[in-house]
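# Notes for the structure review
Residues per chain, in single letters:
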Amino acid sequence: MQWRSLVLGLLLLRLGLQALLALLPALAPGLCLRRRFPFPFPPPPAALGPPGAGPSHWGSLLRRGGGGGAAGGDEYERRYSGAFPPQLRARLRDAARGMFVFGYDSYMRHAFPRDELDPLHCRGRGPDRRDPSNLNINDVLGNYSLTLIDALDTLAVMGNSSEFQKAVKLVIDTVSFDKDSTVQVFEATIRVLGSLLSAHIIITDTKQPFGDMTIKDYDNELLHMAHDLAVRLLPAFENTKTGIPYPRVNLKKGVPPDSNNETCTAGAGSLLVEFGILSRLLGDSTFEWVARRAVKALWSLRSNDTGLLGNVVNIQTGHWVGKQSGLGAGSDSFYEYLLKSYILFGEKEDLEMFNDAYRNIQNHLRRGREACNEGEGDPPLYVNVNMFTGQLMNTWIDSLQAFFPGLQVLIGDVEDAICLHAFYYAIWKRYGALPERYNWQLQAPDVPFYPLRPELVESTYLLYQATKNPFYLHVGMDILQSLEKYTKAKCGYATLHHVVEKTKEDRMESFFLSETCKYLYLLFDEENPLHKSGNKYMFTTEGHVVSVDERFRNSLWQDILPGEEDSAEKLKPNEFRAVNFSSNCNRVPDERRYLLPLKSNYMRQIDRMVGLI
């Protein structure tokens, strides 16, 4: 019976140690075994968390530094490691194509020529004329067949030349921008202007890598339409003391007399790619000039202490109305387009601004341990802070921030991208979707709807291109299955009203076809011409494909900004490499190719921190 005595002794020792640990905080208040929150939070609402979800583990994210590590788990290796069967990959590619086809065909059957599809009631949706204040609808829908236009280059990327040609002809024959519609300048630019330019570039590409996408007797009609739309957006840049544009413009009448003088950083500062392409295709500097002036105006308003920008600014006074600095809504694509403008146009000042912004983001927004795949502490996470002090403003992040790992891939910061992506993927695994806002302190959604956003898929695709790690194919498969299970409706795919309850809203936003389906398809289509043709491509913030070539790096003018003709250095063509071109992104050694990109103990740590385990 000696072994029984030994077991009893060990049990008593363990109980004694637990009692001592329980007494330590009272005996020595200065000794903290776990970092505490500097201010109290209410417990997470039971309805928003799974049964048994424990307290938050993100305490150290409330300030610089990190907490303890987490134990490992081989179940992650068993699930995600090893080669991904080619047959399965082909089936998932076809499933992604089928998802797009079902959504697109449903739109054309039930909604065209209106802007969007209501997938639950199988009907079309246009601007809300009865309620002009309904900006959620009216900012986006301009009565110009939005979903058809936004989906054009996805048809080409999927190799459907006949439908692409048919769709282009429909746009040319039926769409007009001479409409009494007040739209958001940003949304009209990235969704409509960007797609028209992308389709025009595809049609006129002499190499035709996606198949024969040429249009008989094509006379640059899409380029002319893009020009017409951009001219109608130009009044937003007039009568503004800072050069930062008004947020909205009426396509027929110009800026409304009661227009708001406040705009967000992303909305005003993310126009340069589309406006720059248009200027360089037309040989007219006007459009790039106004977009670049807006970027520089915003950049000049950054904090002298932190170098950060806020998220809402008054266009007349330059006063920051919203002082939150983050990577999500209101700020996201501003940083994205600093880098992508450099990639496309080769203006070194764009890269200098991006590098400065990225350093400030790392210094003030990043929390957690220094390295992604080694050391102790919480995983890296980027939080929302006050632009002037760098102090934490809240404990939520939003789903738009899931784009940031993809941007980090483009600059080569792959290791950090791996960790941030794993955090968003863990949230997806918990809910089968990304809530619009997730509170990492409460382990629960603050805003629980999911409008079919593409940002996590985009980062998954770019990380796969950079690492060729099958883990990201598994992630894509999870996302695809969740979309099919929770969002598929009678006539398309529907917004999730609540990611926990899985209730639906009757709306399919156009970016589902232009981005979400496209990135899923490309993730599983290894042989796509976009990866194999030898051409170099870049995606706009709306997922539109544009070629990276010399004609966009050679402007036909010198007056990019008045008085700065000599200061803007240009990138020489032989210096340029498209950093998201797949052959340039195989940075991961072969011996790591089939290992987990993030060690299993760190994956388990992240899963625990979002309440999965």
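Residues numbered from 1 in each chain as written. Predicted model: local features only at pLDDT ≥ 70, side-chain atom pairs only at ≥ 80, totals over all residues. Heavy atoms only, no water.

## Some remarks on the overall build of the protein chain
- Helices and strands together make up the secondary structure of the protein chain, namely 21 helices and 20 strands.
- Within the protein chain, the fraction of its 613 residues that count as buried is 59%.
- Across the protein chain, contacts joining residues at least 24 apart in sequence account for 72% of those joining residues at least 6 apart.
- Accessible surface, the protein chain: about 24400 Å² in total, of which carbon and sulfur atoms supply 52%. (Helix = DSSP H or I, 4+ residues; strand = E, 2+ residues; numbered from the N terminus. Buried < 20%, exposed > 50% of the residue type's maximum accessible area, 1.4 Å probe, protein only. Contact = heavy atoms within 4.5 Å. Areas by Shrake-Rupley, 256 points an atom, 1.4 Å probe, with all protein chains shown as cover.)

## Section: the state of the cysteines
- Taken as a whole, this structure holds 2 disulfides when the rule is applied.
- In this model, Cys122 is linked to Cys491 through a disulfide, with the two sulfur atoms separated by 1.8 Å. On the sign convention where negative is left-handed, the bridge of Cys122 and Cys491, at about 80 degrees about the S-S bond, is right-handed. Note that Cys122 is positioned in the loop between strand 1 (116-118) and strand 2 (123-125) and Cys491 in the loop between strand 15 (488-489) and strand 16 (492-493), a separation of 369 residues in sequence.
- Exposure remark for Cys122: the relative accessible area of 16% places this residue in the buried category.
- A relative accessible area of 5% places Cys491 in the buried class.
- The connectivity of the disulfide-linked cysteines in the protein chain, indexed sequentially, is 1-4, 2-3. (Disulfide = S-S within 2.5 Å.)

## What to know about the sheet that holds strand 6 (residues 312-314)
- A sheet is described by the order of its strands in space; here 3 strands give the open sequence 5-6-7, paired in antiparallel fashion. For this open sheet the edge positions go to strand 5 (262-264) and strand 7 (320-322), each flanked by a neighbour on one side alone. Ignoring strand direction, the axes of neighbouring strands in this sheet form an average angle of 35 degrees.
- Here strand 5 pairs with strand 6 via 3 bridges, running antiparallel. Bridging from a neighbouring strand, Glu262 pairs with Asn314 of strand 6. (Pairing = 2+ DSSP bridges. Axes fitted to C-alpha atoms, helices over the stretch in contact; angles between N-to-C directions.)

## What about the sheet that holds strand 13 (residues 437-439)?
- Reading across from one edge, 12-13-14 is the order of the 3 strands in this open sheet, with antiparallel pairing throughout. Looking at the sheet topology across the chains shown, the edges are occupied by strand 12 (396-398) and strand 14 (444-447). Between one strand and the next, the sheet's axes are offset by a mean angle of 35 degrees, whatever the strand orientation.

## Quick word on unusual backbone geometry
- A cis amide bond, omega 10 degrees, links Phe112 with the succeeding residue Pro113.
- In this structure, Pro113 sits in the loop between helix 3 (86-110) and strand 1.
- One non-glycine residue, Cys122, adopts positive backbone phi at about 55 degrees.
- Its identity is not glycine, yet Gln443 carries a phi of approximately 55 degrees, on the positive side.

## A closer look at the packing of helix 15 (residues 404-411) against helix 17 (residues 455-467)
- With their axes 7 Å apart at the nearest point, helix 15 and helix 17 run at an angle of 30 degrees to one another. Between helix 15 and helix 17, the crossing angle belongs to the class labelled roughly parallel. In this structure, helix 15 meets helix 17 at a crossing whose hand is left-handed. Contacts between helix 15 and helix 17 involve Phe404, Pro405, Gly406 and Val409 on the former and, on the latter, Ser459, Leu462, Leu463 and Ala466. (Parallel < 35°, antiparallel > 145°, perpendicular 65-115°, else oblique. Left-handed = near helix turned anticlockwise from the far one by under 90°.)

## Digging into the side chain of Ser459
- Looking at the element boundaries, Ser459 is found in helix 17.
- Taking relative accessible area as the criterion, Ser459 reaches 0% and is therefore assigned buried.
- Sequence-distant contacts of Ser459, defined by excluding residues within four places in its chain, comprise Ala402, Phe403, Phe404, Pro405, Gly406 and His421.

## Section: the environment of Glu458
- On the secondary structure map, Glu458 appears in helix 17.
- Separated by 60 residues in sequence, Glu458 and Lys518 have C-alpha atoms that sit 9.0 Å apart.
- Residues within four places of Glu458 in sequence aside, it is in contact with Glu336, Lys340, Phe403 and Tyr519.

## Considerations on the environment of Arg551
- Summarising the element assignment, Arg551 is placed in the loop between strand 20 (545-547) and helix 21 (600-609).
- The partly exposed category is assigned to Arg551, whose relative accessible area is 37%.
- Separated by 207 residues in sequence, Arg551 and Leu344 have C-alpha atoms that sit 9.6 Å apart.
- Those residues in contact with Arg551 that sit more than four places away from it in its chain are Ile201, Arg280 and Leu281.

## A word on the confidence of the model for the protein chain
- Per-residue confidence for the protein chain averages 86 on the pLDDT scale, and 82% of its residues sit at or above 70.
- Of the regions scoring below 50 in pLDDT, residues 10-60 engages in 54 contacts with residues more than four places distant in sequence or in other chains. (pLDDT = per-residue confidence, 0-100.)

## Some thoughts on helix 9 (residues 221-233)
- The terminal C-alpha atoms of helix 9, which comprises 13 residues, lie 19 Å apart, in line with the 18 Å expected from a rise of 1.5 Å per residue.
- Of the positions making up helix 9, those classed as buried are Leu222, Leu223, Met225, Ala226, Leu229, Ala230, Arg232 and Leu233.
- The inward-facing, buried residues of helix 9 abut helix 7 (161-174), helix 8 (185-204), strand 4 (248-250), helix 11 (272-282) and helix 12 (286-300). (Expected span 1.5 Å × (residues − 1).)

## Points about the packing of aromatic side chains
- The tally for this structure, following the rule as stated, stands at 24 aromatic pairs.
- Geometrically, the ring pair formed by Tyr80 and Phe471 is edge-to-face, given 4.9 Å between the ring centres and 70 degrees between the ring planes. Highlighted residues: Tyr80 in helix 2 (residues 74-80) and Phe471 in helix 18 (residues 471-486), separated in sequence by 391 residues. Of the two residues, Tyr80 and Phe471, neither departs from the other in class, the shared state being buried.
- A centroid spacing of 5.9 Å and a plane angle of 75 degrees characterise the contact between Phe403 and Phe404, whose relative ring orientation is edge-to-face. Both residues of the pair, Phe403 and Phe404, belong to the buried class. (Phe/Tyr/Trp six-rings, centres within 6.5 Å; stacked < 30°, edge-to-face > 60°.)

## Quick look at the side chain of Arg507
- The topology assignment puts Arg507 in the loop between strand 18 (503-505) and helix 19 (511-524).
- Taking relative accessible area as the criterion, Arg507 reaches 5% and is therefore assigned buried.
- Separated by 3.3 Å, the side chain of Arg507 and the backbone oxygen of Asn136 make a polar contact.
- Among residues more than four places away in sequence, those in contact with Arg507 are Glu116, Leu117, Pro119, Arg125, Asn136, Ile137, Val140, Leu141, Tyr493, Ala494 and Thr495. (Polar contact = N/O pair within 3.5 Å; in protein donor to acceptor, adjacent residues only side chain to side chain.)

## A closer look at the pattern of salt bridges
- Scanning the model with the defined rule gives 32 salt bridges in all.
- Among the salt bridges present, the one from Lys518 reaches Asp153, with a minimum N-O distance of 2.7 Å. Taken together, the residues Lys518 in helix 19 and Asp153 in helix 6 (residues 152-157) connect sequence positions 365 residues apart. There is no split in this pair, since Lys518 and Asp153 are both buried. (Salt bridge = Lys/Arg side-chain N within 4 Å of Asp/Glu carboxyl O.)

## A look at the UniProt feature "active site" (unreviewed entry) in the protein chain
- UniProt records the feature "active site" (unreviewed entry) at Glu187, Asp332, Glu436 and Glu455, using the numbering of this structure.
- When you line up the elements, Glu436 lands in the loop between helix 16 (414-431) and strand 13.
- Under the relative-accessibility criterion, Glu436 is labelled buried at 12%.
- Other than its neighbours up to four places away in sequence, Glu436 contacts Ile397, Asp398, Ser399, Val447, Phe449, Pro451 and Arg453.
- Mapped onto the elements, Glu455 comes out in helix 17.
- Taking the relative accessible area as the measure of exposure, Glu455 reaches 9% and is therefore buried.
- In this view, Glu455 contacts Ser399, Leu400, Ala402 and Phe403; residues no more than four positions away in its chain are not counted. (UniProt positions renumbered as here; feature names shortened; annotations may be inferred.)

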